[in-house]
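Structural description and commentary
The lines below spell out each chain.
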Amino acid sequence: AGSVYEVNAQAHAQSDLLDVRGQAKLQGGQVRVDGAILGESYRILSAESVSGTFAGAQTASSQPFLSLTLKHMPKQVNLMVGRAQSLASVALTSNQLGVAQAADAASDNDTLLRRLTQLNAPQAVAAFQSLSAETHASQRAVMVEQGHALNLASAERLRGLLGLANYNVLLD
């Protein structure tokens, strides 16, 4: 009791593993996890037999979007990483909220969602702002390009109606 087992986690279910030869007797204590990734399941303890339980698990840094669950089994303890607080709950503007809601709607194996859930609240807000600005810039570029294509098509049609097939003034 009162002890802390620090686990470093990575993608593809890779993490520190405490491999006990014989019986592992757990008497509470916390599991603190650094690098947990949404949707991953990590085996953090393996033994010939496991008795008792850890008291709980938490992230090593403030990651309000991740939920850690310990699953105690007869020969191992696994750590599952799920969703906690929604990304939309920290958005400050309507544009940020749109980005956050779109990310919240994604599946747990979505790369962008996994990256966003590893952030703390201020980092997530900055990411939403960046992503919303990119979205608007991309939409504007598409609209400008579509407008240019419409202008060219209209000019081409007008040239045809006026019989100016070889006259390029309308396109310049």
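Residues numbered from 1 in each chain as written. Predicted model: local features only at pLDDT ≥ 70, side-chain atom pairs only at ≥ 80, totals over all residues. Heavy atoms only, no water.

1. A look at the nonpolar core
Of all hydrophobic cores here, the largest spans 37 residues; its most connected members are Ile44, Phe54 and Phe128. Listing elements by their share of this core, those giving two or more residues are β1 (4–8), β4 (30–34), β5 (41–46), β8 (66–72), β9 (76–83), α1 (94–104), α2 (111–117) and α3 (121–162). When residues in this core are grouped by element, the largest group, four residues, is from α3. Beyond its immediate stretch of four places on either side in the chain, Phe54 contacts Tyr5, Leu26, Gly28, Gly29, Val31, Ile44, Leu45, Leu70, His72 and Val77. (Core = buried A, V, L, I, M, F, W, Y, C linked by side-chain atoms within 4.5 Å. Buried < 20%, exposed > 50% of the residue type's maximum accessible area, 1.4 Å probe, protein only. Helix = DSSP H or I, 4+ residues; strand = E, 2+ residues; numbered from the N terminus. Contact = heavy atoms within 4.5 Å.)

2. Regarding unusual backbone geometry
Phi is positive for His12, close to 60 degrees, though the residue is something other than glycine. By the element assignment, His12 lies in the loop between β1 and β2 (18–19).

3. As for the pattern of salt bridges
One pass over the structure, following the stated rule, counts three salt bridges. Across the pair Glu6 and Arg32 runs a salt bridge whose closest N-O atoms are separated by 3.9 Å. Remark: Arg32 occurs in strand β4 and Glu6 occurs in strand β1; sequence separation between them is 26 residues. You can call Glu6 exposed: its relative accessible area is 53%. By relative accessible area, Arg32 is classed as partly exposed at 28%. Between Asp108 and Arg83 there is a salt bridge, and its shortest N-O distance comes to 2.6 Å. Remark: Arg83 occurs in strand β9 and Asp108 occurs in the loop between α1 and α2; sequence separation between them is 25 residues. (Salt bridge = Lys/Arg side-chain N within 4 Å of Asp/Glu carboxyl O.)

4. Focus: the sheet that holds β9
Strand order in the open sheet formed by four strands is β2-β5-β9-β8, with mixed pairing between adjacent strands. The sheet is open, and its two edges are formed by β2 and β8, each paired on a single side. The pairing of β2 with β5 spans two bridges and is parallel. Bridge pairing in β5 links Leu18 to Leu45. (Pairing = 2+ DSSP bridges.)

Geometry only, nothing functional implied.
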